[in-house]
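Each chain is listed here by its residues.
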Amino acid sequence: MKKLILRKLIVDERNELFDAQGMRCAEFPSDFARIREFTAQVLADCPRAFREGNLLEQQLSEIVKNGIKHGNRNDPSKRLRVWYDLRKRARFIVEDEGEGFTELEKWNEFFAKRQTALFNEDFDAFLDLASYRGPRSDENDGGNSLIAALEYWNGGMIFNGARNKIGVVRWFSGGSACLD
Amino acid sequence: MRRAIPQYRPMEWTVSEADEKGFENVVVKGDCDLYSGPAFARELLVRIAEGTRRLRIDFTGVDYLDSTGVGGIIRLLQEARKRGCELRFRGIAGSPRRVLRMSNILSLMKEEAGQ
């Protein structure tokens, strides 16, 4: 029998994913045009097996984009800090200087409705709910980066209390993906 | 920090006249990302709104797809449903396929074998 499993975004200030001890750190300006360049810099020494083609780059790029665009709102005076550790697994902490993800609970409600529609095979309702649209979403926002992220970051994805910092980790099995 | 040279390829696409089955064919190459994805979606949304009723998109040349690109595909699916446009996809592989599956969108896309 099928069972609906609903994941959600979690806030936990004291989570161990925010322990940056031993991690390397990089700091970037809020320059939207350079998001993929910043991501490539962080991953310059990343083991090939962790990259899974360009999947790791794509997923990290989403977090960098969210911090620069939605967190810092492309304000050039605000910085983005990325802590990273690519030993044994891919682990990152990304902090922006914005007001935090204030729509987190609303996003969780949206995601529950979306996944329920999918579970019930109500594809018309699901298609209507496929992308999250918040009060500040623009036409270029995909509205789905956190959905894939919940699946991809298989060791956890946690927001801090201020919701302007996210900790994520992806584990690999024998250098290959746990996914698929 | 070592300066990395990004390996990304700007997205390009061509749209051909309708074939014998009435499908306009779109062949896409490069990275469907936050920089190129919006213009791509906008052009195809206009085509659907202006009357295209059969559209086939070939993603064989795309090996990078991010959430902006996925969002564009979602908007195309929504517009196609609204306007009664038949939308088909080809050549979705590698990490773009995995991103679409993780986003739960792949199952909504009608796929067909290449060439």
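Just so we're clear, the structure is a prediction, and the values are computed from it rather than from any experiment. (Residues numbered from 1 in each chain as written. Chains lettered and ligands numbered in written order. Predicted model: local features only at pLDDT ≥ 70, side-chain atom pairs only at ≥ 80, totals over all residues.)

## Describing the overall build of chain B
Here's step 1: Per the secondary structure count, chain B includes three helices and four strands.
Here's step 2: Listing each helix as α and each strand as β along chain B from the N terminus yields β-β-α-β-α-β-α.
Here's step 3: The C-alpha atoms of chain B give 14 Å as radius of gyration, which agrees with the globular expectation for 115 residues (13 Å, within 12%).
Here's step 4: Principal-axis analysis of the C-alpha atoms places the extent of chain B at approximately 55 × 25 × 25 Å.
Here's step 5: When each of the 115 residues of chain B is scored for burial, the buried share is 42%.
Here's step 6: Sequence separation of 24 or more characterises 70% of the internal contacts of chain B that already satisfy a separation of 6 or more. (Helix = DSSP H or I, 4+ residues; strand = E, 2+ residues; numbered from the N terminus. Rg over C-alpha atoms; globule rule 2.2 N^0.38 Å. Buried ≥ 20, exposed ≤ 12 C-beta atoms within 10 Å, placed from the backbone. Contact = placed C-beta atoms within 7 Å.)

## Observations regarding the environment of alanine 39 of chain B
Residues and elements named next belong to chain B.
Here's step 1: With respect to the helices and strands, the residue alanine 39 is situated in helix H1 (residues 37–49).
Here's step 2: Note on alanine 39: 13 C-beta atoms within 10 Å, which makes it partly exposed.
Here's step 3: With twelve residues separating them in the primary sequence, alanine 39 and valine 27 have C-alpha atoms 15 Å apart.

## A short note on helix H4 (residues 104–119) of chain A
Here's step 1: Spanning 16 residues, H4 of chain A covers 22 Å between terminal C-alpha atoms, matching the ideal 22 Å at 1.5 Å per step.
Here's step 2: Residue glutamate 121 of chain A follows H4 of chain A closely and has a positive phi angle near 55°. (Expected span 1.5 Å × (residues − 1).)

## With respect to the pairing of strand S5 (residues 156–159) of chain A
Residues and elements named next belong to chain A.
Here's step 1: In this structure, strand S1 (residues 10–11) lies alongside S5, joined through two bridges in parallel fashion. Along S5, the bridge assignment pairs isoleucine 10 with isoleucine 158.
Here's step 2: In textbook terms, the turn of a hairpin is the stretch between consecutive antiparallel strands, and for S5 and strand S6 (residues 165–173) this stretch comprises five residues, one of which, arginine 163, has a positive phi near 65°. (Pairing = 2+ DSSP bridges.)

## Describing the interface of chain B and chain A
Here's step 1: Between chain B and chain A, the contact holds 28 residues from the first and 32 residues from the second.
Here's step 2: Those elements that provide at least two residues to the side of chain B that touches chain A are strand S3 (54–65), helix H2 (67–83) and helix H3 (94–102) of chain B.
Here's step 3: Broken down by element, the side of chain B that touches chain A gets its largest block of residues, eight residues, from H2 of chain B.
Here's step 4: Each residue belonging to the side of chain B that touches chain A can be placed in one class, and the counts come to 14 nonpolar, eight polar and six charged. (Nonpolar A, V, L, I, M, F, W, Y, C, P; charged D, E, K, R; others polar.)

## Things to note about the packing of H1 of chain B against H2 of chain B
Residues and elements named next belong to chain B.
Here's step 1: As a packed pair, H1 and H2 sit with axes 9 Å apart at the nearest point and diverge in direction by 5°. As far as their axial angle goes, H2 and H1 are roughly parallel. The segment H1 lies against H2, with Gly37, Pro38, Phe40, Ala41, Leu44, Leu45, Ile48 and Ala49 engaging Thr68, Gly69, Gly72, Arg75, Leu76, Glu79, Ala80 and Arg83.
Here's step 2: Residues of the contact of H1 with H2, tallied by class, amount to nine nonpolar, four polar and three charged. (Axes fitted to C-alpha atoms, helices over the stretch in contact; angles between N-to-C directions. Parallel < 35°, antiparallel > 145°, perpendicular 65-115°, else oblique.)

## Examining the pairing of strand S3 (residues 79–85) of chain A
Residue and element names in this part refer to chain A.
Here's step 1: Of the strand pairs in this sheet, strand S2 (residues 24–29) and S3 are connected by six bridges, and their pairing is antiparallel. Across the sheet, the residue bridging to glutamate 27 is arginine 81, located in S3.
Here's step 2: Judged from the five bridges that link them, S3 and strand S4 (residues 89–95) form a sheet pairing that is antiparallel. Across the sheet, residue valine 82 finds its bridge partner in S4, namely valine 94.
Here's step 3: Hairpin connection from S3 to S4: three residues lie between these consecutive antiparallel strands, with lysine 88 at a positive phi of about 70°.

## Let's talk about the packing of helix H1 (residues 35–42) of chain A against helix H3 (residues 55–71) of chain A
All names here are of chain A.
Here's step 1: Two numbers describe how H1 lies on H3: the axes approach to 9 Å, and their chain directions differ by 125°. By the angle between their axes, H1 is oblique relative to H3. Remark: the crossing between H1 and H3 carries right-handed chirality. Within the contact between the two elements, H1 uses Ile35, Arg36, Phe38, Thr39, Ala40 and Val42 and H3 uses Glu57, Leu60, Ser61, Val64, Lys65 and Ile68.
Here's step 2: When grouped by side-chain class, the residues that make up the contact of H1 with H3 number seven nonpolar, two polar and three charged. (Left-handed = near helix turned anticlockwise from the far one by under 90°.)

## Remarks on H3 of chain A
Residue and element names in this part refer to chain A.
Here's step 1: Over its 17 residues, H3 runs 23 Å from end to end, which matches the ideal 24 Å to within 8%, given 1.5 Å per residue.
Here's step 2: Of all 17 residues in H3, 16 are buried, a share of seventy percent or more.
Here's step 3: Two residues or fewer past H3, arginine 73 is found with a positive phi of approximately 50°.

## Quick look at the confidence of the model for chain B
Residues and elements named next belong to chain B.
Here's step 1: Across chain B, pLDDT averages 93, with 93% of residues at or above 70.
Here's step 2: Mean pLDDT across the secondary structure elements of chain B bottoms out at strand S1 (residues 12–16), with 95, and peaks at strand S4 (residues 86–90), with 98.
Here's step 3: On the interface metric, ipTM, the complex scores 0.92, and its pTM is 0.93. (pLDDT = per-residue confidence, 0-100.)

## Describing the sheet that holds S3 of chain B
Residues and elements named next belong to chain B.
Here's step 1: What the four strands build is an open sheet, ordered S1-S2-S3-S4; its pairing is mixed. A strand with exactly one partner marks an edge of an open sheet, and here the two such strands are S1 and S4. Going across the sheet, the axis of each strand differs from the next one's by a mean of 15°, ignoring polarity.
Here's step 2: Where S3 lies against S4, five bridges are found, and the strand directions are parallel. Among the inter-strand pairings, aspartate 58 is bridged to a residue of S4, identified as arginine 90.

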